[in-house]
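Chain by chain, the residues run as shown.
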Amino acid sequence: MQTLILFSSANKNGNTAKTIGKIYTDHECEVIYLDTLNITPYRYDNQYPDDDFYCLIDKIRHADNIVFASPVYWYAVTAPMKNLIDRLTELGDSPKLKSQANLLTSKRGFVVSSSGNRRLCPIFRAFFSEFFEYNKIKFVATLHASDRNGYHIDNKNIELFNSALNHMDVTH
């Protein structure tokens with residue numbers, strides 16, 4: 001299985017990056033730092049200049065697992081992550097990508113996050129739950145780190161997350 005980690009954070013070496021570092025896989029894995037990509041915001045007219053979106057779509061096409069990794073900022077993902085998620089709408093309504101409208105359907109979705117709370121914010125989780133359901137992505141697992149009193153993540157949660165990444169039948 002191939003895993004693609006779509007990562008965004010104002011701090012490239014912060015707690016979300018540390019959490020990504022806890023993920024190990026026995027298959028191909030690639031981390032893409034979204035904040036360095038040029039992705040034009042979604043447009044209803046579907047008129048886009050050349051940007052990095054179509055190259056990213058090619059990487060998504062070849063991935064089995066897609067991990068969305070973002071710190072929780074005011075109950076939400078980072079602006080670059082939200083921009084990408086909005087732009088993925090183009091898969092369903094752009095004449096250029098109509099043939100790829102079901103590109104996300106066969107994917108397995110994961111969420112990695114960090115925040116000042118011990119638990120993943122339910123609003124943040126619901127955002128991904130709805131996004132995954134809309135795009136027929138199987139929501140497999142989350143991994144959340146707290147930085148309330150210094151960086152902390154439960155080792156059992158790391159093991160469960162990694163197991164879910166590596167095994168098609170493990171979900172939680």
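The structure under discussion appears in the preceding block.
Position labels on residues start from 1 in each chain and follow its written sequence. The predicted origin of the model limits local features to residues at a pLDDT of at least 70 and limits the giving and counting of side-chain atom pairs to 80 or more, whereas totals for whole chains, interfaces and linings rest on all residues. Working from all heavy atoms in the structure, the side-chain values ignore hydrogens and water.

1. Details of helix H5 (residues 122-134)
For H5, with 13 residues, the first-to-last C-alpha span of 18 Å sits near the 18 Å given by 1.5 Å per residue. Buried within H5 are the following residues: Phe 124, Phe 128, Phe 131 and Phe 132. Angularly, the buried residues of H5 cover 100 degrees about the axis, an arc narrow enough to put them on a single face. Structural note: H5 exposes Pro 122, Glu 130, Glu 133 and Tyr 134 on the side pointing more than 90 degrees away from its buried face. Check the buried side of H5 and you find it contacts strand S3 (65-71), helix H3 (79-87), strand S4 (108-115) and strand S5 (138-146). What counts as a helix is a DSSP run of H or I of at least four residues, what counts as a strand is a run of E of at least two, and both are numbered from the N terminus. By this rule the span expected of a helix is its residue count minus one, scaled by 1.5 Å. Partly exposed describes any residue whose relative accessible area lies between the buried limit of under 20% and the exposed limit of over 50%, with all areas from a 1.4 Å probe on protein chains only and scaled to the type maximum. Directions are taken from the helix axis to each C-beta atom, and the arc is the one they span. Any two residues having at least one pair of non-hydrogen atoms within 4.5 Å are treated as being in contact.

2. Thoughts on the pairing of S4
Taking burial as the measure, the eight residues of S4 include eight buried ones, the bulk of the element. A two-sided burial pattern is seen for S4, the buried positions comprising Arg 108, Phe 110, Val 112 and Ser 114 on one face and Gly 109, Val 111, Ser 113 and Ser 115 on the other. Note on pairing: two strands pair once DSSP finds at least 2 bridges between them. With eight bridges connecting them, S4 and S5 associate as parallel partners. The residue of S5 that forms the bridge with Ser 115 is Ser 146. Of the crossover connections in this fold, the one passing from S4 over H5 to the parallel S5 is right-handed. By convention a crossover is right-handed if, when the strands point away from the viewer, the path from the first strand over the helix to the second runs clockwise.

3. With respect to the pattern of salt bridges
Salt-bridge detection follows one rule: a side-chain nitrogen of Lys or Arg within 4 Å of a carboxyl oxygen of Asp or Glu. According to the stated counting rule, one finds five salt bridges in the structure shown. Arg 87 is paired through a salt bridge with Asp 51; the nearest N and O atoms lie 2.7 Å apart. Remark: Asp 51 occurs in the loop between strand S2 (29-33) and helix H2 (53-62) and Arg 87 occurs in helix H3; sequence separation between them is 36 residues. For the residue pair Arg 87 and Asp 51, the accessibility class agrees, reading buried in each case.

4. Here we look at the sheet that holds S2
Paired through backbone hydrogen bonds, the strands of a sheet run either parallel or antiparallel to each other. The five strands are arranged S2-S1-S3-S4-S5 in an open sheet whose pairing can be described as parallel. For this open sheet the edge positions go to S2 and S5, each flanked by a neighbour on one side alone. The average angle at which neighbouring strand axes cross in this sheet is 15 degrees, direction not considered. Direction of pairing for strand S1 (residues 3-7) relative to S2: parallel, over a ladder of five bridges. For Thr 3, the partnering residue across the bridge sits in S2 and is Cys 29. Sitting on the sheet, H5 touches S3, S4 and S5, and the angle it makes with S4 is about 165 degrees. Axis geometry follows a simple rule: fit a line to the C-alpha atoms, using only the stretch in contact for helices, then measure angles between N-to-C directions, giving values from 0 to 180 degrees.

5. Side note on the packing of aromatic side chains
Stacked, edge-to-face and tilted are the three classes for Phe, Tyr and Trp ring pairs, Trp counted by its six-membered ring, which pair at centre distances within 6.5 Å; planes under 30 degrees apart are stacked, over 60 edge-to-face, the rest tilted. By the definition in use, this model includes 12 aromatic pairs. Between Phe 7 and Tyr 33, the ring centres sit 5.3 Å apart and the planes meet at 40 degrees, which makes this aromatic pair tilted. Here Phe 7 is found in strand S1, whereas its partner Tyr 33 is found in strand S2, with 26 residues between them in sequence. Overall, Phe 7 belongs to the buried group, its relative accessible area being 4%. Members of the aromatic cluster, each reached through a chain of ring pairs, are Phe 68, Phe 124, Phe 127, Phe 128, Phe 131, Phe 132 and Phe 139.

6. Let's talk about unusual backbone geometry
For residues other than glycine, phi is negative in most cases, and the peptide bonds are mostly trans. Backbone geometry places Asn 46, a non-glycine residue, at a positive phi of 55 degrees. Note on placement: Asn 46 falls in the loop between S2 and H2. Exposure remark for Asn 46: the relative accessible area of 14% places this residue in the buried category. Backbone geometry places Trp 74, a non-glycine residue, at a positive phi of 50 degrees. Checked against the element boundaries, Trp 74 lands in the loop between S3 and H3. Residue Trp 74 is classed as exposed on the basis of its relative accessible area of 77%.

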